[in-house]
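Take a look at the letters that make up each chain.
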Amino acid sequence: MNVITAVKNYISMMTEDSGPGMKVLLMDKETTSIVSMVYSQSEILQREIYLFERIDMIANSETMKHLKCIVFLRPTRENITLLSRELRSPRYGVYYIYMSNIIAKADVKVLAENDEQEVVRELQEFYADYLAVSPHLFSFNIPVCVQGNSWDPVQLQRCTQGLIAVLLSLEKVPVIRYQGFSELARRLAERVNDVVHKEDRLFSLRNEVPTVLLILDRREDPITPLLTQWTYQAMVHELFTINNNRVDLRHVEGISKELQEVLLSPLQDEFYAQNMFKNYGEIGQTIKGLMDEYQVKAKSHQKLESIGDMKNFIENYPQFKKMSGTVAKHVTIVGELSNAVAKHHLLEVSEIEQQITCQNQHAQQLQKIKTILSAGKIRHEEAAKLVMLYALRYGTHPNNHINGLLTMLSNELGVSQRWIQLIHKVIEYGSKQSHLNDNFGTQEAVIQITKRIFKDLQGVENIYTQHTPLLKETVEDLLRGKLKENNFPFLNSFDIPNTRPSDVIVFIVGGTTYEESLAIHQLNCTFPNARIILGGSMIHNSTSFLKEVESAIVDTSQSSSTSRSHILRNIKRS
């Protein structure tokens, strides 16, 4: 299972089905991101696509009847309306229309009625309705999917559609399991299950070997998104934010124009692909090796003493220029990471974070938190996150000092009320489970965590990367057939034994993290017969996660959404 390959194959088919000739690619905001995640602009140009347009931004575009138009849109009401308007007054010669998900028969009829000049040559469903971040990781890029204690109806529909697209693009029939305590996970599981049964003709054409779709709730593990990260990919996301494989560096003083926004894609950056899971110490050494290699090649290119030397230089210049850009990009990023680590005292902060999450020494850890807060050297956000972790870890401890730490933040450090309120909200967010399997808590839970800690610490040399996400243990139990059915029930599939699955798609309501992506990557390496895909409504760093928490801990009335009636579909499907 490879989500990047699945999406790339769809886009390749779009460009090939339209035949030779100059083409324009007409997309919406979301499908533009979907395409850009797996194809560079130069790769798209090689497929005879010379113009890119957004359907919501074409009001005054000129008519070019000599071009073929490839349309790739999400089947939303807004897009159907905009595409109908385009077909009534077509600006291009012919149209090949591809919807990223299941399209209603009624919408097909609307498009047909507006195609008065009969310019549409193709209408298909290509299920590329998600962002393929890496081969085993996908996202829907939904910053906030929950309002109060219930789903935002729009985002529930979006997550349902996205998961259906993942299943269809990978040709998988799901056996659905979900987090037992979570109403959010249950509702999403039911919605996905409803579509699978409604569209049984689509799923009957897929692989007959069942795939486990495991739907989890972010509230089961509020710890992981709060931790300081030390692997390259996760560290960049935590400190700078990776948005659709792009990193904004305009805040860097004296940054050149070429480096103000850089691309970090494992498909288009070999160095990044090889090093994104390496830790901070390793990446520094790797960067040095990259620079040494570049300097050797740069010196060899300076010695142009013959026609042969010039010929070799011209032939190798594109690769040399690409390497030059790679060196400049990663040296800049790692340099800024280093500056941030020193400026914000992240090593000291992270050491305490890891001790809180991986050890059971309340008195010592409390004293260390007080000491680092009293020094006044760390940012308010790091100070608040330390108290959040302490509160989640020791909230049930008889001698917990949560109120004292809150007073210290407010009175001595002058931390804003927003951060104080966020601490309370994180505590409430982490207590939403209906059982006390909250990483810490009851004595039994502490014993289980202690067992995990000793297991996880074997061979660990870096005190800053001791923590292992709860997700890893959950998926390990699933792969070994040990995941408890009372905690992770099947959905209307009581006759299915709790066997060891080979194909697993995990989706986290409320977002996943790059630390969890690393854990899944490691599991794929550890279990060679298993294929595991991870997805989330969002890929969080601590900043975006806390926005999710702010939205979730608000009293709002539950919105109801009306389900669409069953419609027979007779369009060509892939």
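No experiment lies behind these values; they were computed from the predicted model shown. (Residues numbered from 1 in each chain as written. Predicted model: local features only at pLDDT ≥ 70, side-chain atom pairs only at ≥ 80, totals over all residues. Heavy atoms only, no water.)

Colleague: Explain the overall build of the protein chain here, please?
Modeller: The number of helices and strands found in the protein chain is 21 helices and 19 strands. Across the 574 residues in the protein chain, those meeting the buried criterion constitute 54%. Partitioning the intrachain contacts of the protein chain with sequence separation of at least 6 by distance along the chain shows that 81% fall at a separation of at least 24. (Helix = DSSP H or I, 4+ residues; strand = E, 2+ residues; numbered from the N terminus. Buried < 20%, exposed > 50% of the residue type's maximum accessible area, 1.4 Å probe, protein only. Contact = heavy atoms within 4.5 Å.)

Colleague: Would you take a moment to explain the packing of helix α4 (residues 77-88) against helix α5 (residues 105-114) for this structure?
Modeller: Packing of α4 against α5 brings their axes to within 8 Å, and their N-to-C directions diverge by 20°. Between α4 and α5, the angle is such that the two are roughly parallel. For the pair α4 and α5, the sense of crossing is right-handed. In contact with I80, L83, S84, L87 and R88 of α4, α5 contributes D107, V110, L111 and N114. Residues of the contact of α4 with α5, tallied by class, amount to five nonpolar, two polar and two charged. (Axes fitted to C-alpha atoms, helices over the stretch in contact; angles between N-to-C directions. Parallel < 35°, antiparallel > 145°, perpendicular 65-115°, else oblique. Left-handed = near helix turned anticlockwise from the far one by under 90°. Nonpolar A, V, L, I, M, F, W, Y, C, P; charged D, E, K, R; others polar.)

Colleague: Please clarify how a nonpolar patch on the surface should be interpreted in this entry.
Modeller: On the surface, a cluster of nonpolar side chains totalling about 360 Å² of accessible area is made up of M22, L45, Y50 and F52. On the basis of relative accessibility, which here comes to 32%, the residue F52 falls in the partly exposed class. (Patch = residues over 30% accessible without salt bridge, like charges linked within 9 Å, V, L, I, M, F, W, Y side chains within 5 Å. Areas by Shrake-Rupley, 256 points an atom, 1.4 Å probe, with all protein chains shown as cover. Salt bridge = Lys/Arg side-chain N within 4 Å of Asp/Glu carboxyl O.)

Colleague: When you look at helix α16 (residues 402-412) in this model, what are you seeing that I'm missing?
Modeller: For an α-helix the count is 3.6 residues per turn, leaving residues at separations of three or four pointing the same way. Residues of α16 that are buried include every one of I402, L405, L406, M408 and L409, and no others. Mapping the buried residues of α16 onto a view down its axis gives an arc of 155°, with all of them on the same face. Structural note: α16 exposes N403, N411 and E412 on the side pointing more than 90 degrees away from its buried face. Check the buried side of α16 and you find it contacts α14 (362-375), α15 (380-394) and α17 (417-430). Just beyond α16, the residue with positive phi is G414, at close to 70°. (Arc of directions from axis to C-beta.)

Colleague: Just checking my understanding: could you explain the sheet that holds strand β13 (residues 246-248) for this structure?
Modeller: Picture the strands of a sheet paired through backbone hydrogen bonds; they go either parallel or antiparallel. As summarised here, the arrangement of the three strands in space is β12-β13-β14, forming an open sheet in which the pairing is antiparallel. The sheet terminates laterally at β12 (242-243) and β14 (261-263), the two strands that pair on one side only. As judged from the three bridges shared by β13 and β14, these two strands associate in the antiparallel manner. Across the sheet, residue V247 finds its bridge partner in β14, namely V262. (Pairing = 2+ DSSP bridges.)

Colleague: Can you walk me through the side chain of K68 in this structure?
Modeller: With respect to the helices and strands, K68 occurs in strand β3 (residues 64-73). Look at K68: it is buried, it has no salt bridge, and the nearest opposite charge is E48 at 7.3 Å. K68 has contacts with S18, G19, P20, M22, K23, V24, V94 and Y96, leaving out every residue within four places of it along the chain. (Lys, Arg positive; Asp, Glu negative; His and termini not counted.)

Colleague: Can you help me understand the pattern of salt bridges in this one?
Modeller: Where side chains of opposite charge bring their charged atoms close, a pairing between them can arise. Applying the stated criterion across every chain, the model contains 23 salt bridges. Across the pair D56 and R54 runs a salt bridge, and its minimum N-O distance is 2.9 Å. When its relative accessible area of 39% is taken as the criterion, D56 is described as partly exposed. The partly exposed category is assigned to R54, whose relative accessible area is 26%. Beyond isolated ion pairs, a larger network of salt bridges with shared partners links E30, R74, D129 and R158.

Colleague: How should I be thinking about the sheet that holds strand β15 (residues 503-509) in this particular structure?
Modeller: In space, the six strands of this open sheet follow the order β6-β7-β17-β15-β11-β10, with mixed pairing throughout. The open sheet has two free edges, formed respectively by β6 (131-134) and β10 (173-178), since each of these has just one partner strand. Strand-to-strand, the axes of this sheet are offset by a mean angle of 25°, without reference to chain direction. Relative to strand β11 (residues 210-217), β10 runs parallel, the two being bridged by six bridges. In the strand pairing of β11, V173 is matched with P210.

Colleague: Please clarify how the pairing of β3 should be interpreted in this entry.
Modeller: In terms of residue burial, β3 counts as a mostly covered element, since eight of its 10 residues are buried. In terms of strand pairing, β3 meets strand β4 (residues 92-99) through seven bridges, oriented parallel. Each residue of the ladder has a partner; that of K68, found in β4, is V94. The parallel pair β3 and β4 is bridged by α4, and the resulting crossover is right-handed. (Right-handed = clockwise from strand over helix to strand, strands pointing away.)

Colleague: Even after reading the chapter, I still don't get the packing of aromatic side chains, so can you show me in this structure?
Modeller: Per the stated rule, a full pass over the model turns up 13 aromatic pairs. Taken together, the ring pairs in this structure connect Y10, Y98, F126 and Y127 into an aromatic cluster. Just above the ring of Y39 sits the side chain of K8; from NZ or CZ to the centre is 4.8 Å. (Phe/Tyr/Trp six-rings, centres within 6.5 Å; stacked < 30°, edge-to-face > 60°. Lys NZ or Arg CZ within 6 Å of the ring centre and 35° of its normal.)

Colleague: I'm lost on helix α13 (residues 346-358) in this one. Help?
Modeller: In this model, α13 (13 residues) spans 18 Å end to end at C-alpha, consistent with the 18 Å of a helix rising 1.5 Å per residue. Looking only at α13, the buried set comprises L346, V349, S350, I352, E353, Q354, Q355, I356, T357 and C358. (Expected span 1.5 Å × (residues − 1).)

Colleague: For this particular structure, what's the right way to read the nonpolar core?
Modeller: Burial of nonpolar side chains together is a common tendency in soluble globular proteins. Counting 148 residues, the largest nonpolar core has Y130, F138, L188, I215 and L373 as its most contacted members. It is α15 that provides the largest number of residues to this core, a total of 10 residues. Aside from chain neighbours lying at most four places away, what touches Y130 is V3, A6, V7, I34, F138, S139, F140, R158, G162, A165, V166 and S169. (Core = buried A, V, L, I, M, F, W, Y, C linked by side-chain atoms within 4.5 Å.)

Colleague: I'm lost on the confidence of the model for the protein chain in this one. Help?
Modeller: Note: predicted coordinates in regions of low pLDDT should not be interpreted at a detailed level. On average, residues of the protein chain score 85 in pLDDT, and 84% of them reach the 70 mark or higher. Confidence drops under a pLDDT of 50 for residues 434-461, and excluding neighbours within four residues, the segment shows 32 contacts in the predicted structure. The model gives residues 555-574 a pLDDT under 50, and that stretch makes 47 contacts with residues more than four places away or in other chains. (pLDDT = per-residue confidence, 0-100.)

Colleague: Any chance you could explain the environment of Q365 here in plain terms?
Modeller: Its place among the elements puts Q365 in helix α14. Here Q365 falls in the buried class, since its relative accessible area comes to 1%. Sequence spacing of Q365 and Q355 is 10 residues, and the spatial spacing of their C-alpha atoms is 7.2 Å. In this view, Q365 contacts Q355, I356, Q359, N360 and Y394; residues no more than four positions away in its chain are not counted. Of note is the side chain of Q365, whose polar atom sits 2.9 Å from the backbone oxygen of Q355. (Polar contact = N/O pair within 3.5 Å; in protein donor to acceptor, adjacent residues only side chain to side chain.)

Colleague: I would appreciate a short explanation of the packing of helix α19 (residues 470-479) against helix α20 (residues 514-526) in the present structure.
Modeller: Geometrically, a packed helix pair is captured by the angle between its two axes and the distance between the axes. The contact between α19 and α20 brings their axes to 9 Å, and the two run at 30°. One element, α19, and the other, α20, form an angle in the roughly parallel class. Regarding α19 and α20, the two cross each other, and that crossing is right-handed. The residues of α20 that touch α19, namely those facing L471, K472, V475 and E476, are E516, A519, I520, Q522 and L523. Considered class by class, the residues forming the contact of α19 with α20 number five nonpolar, one polar and three charged.

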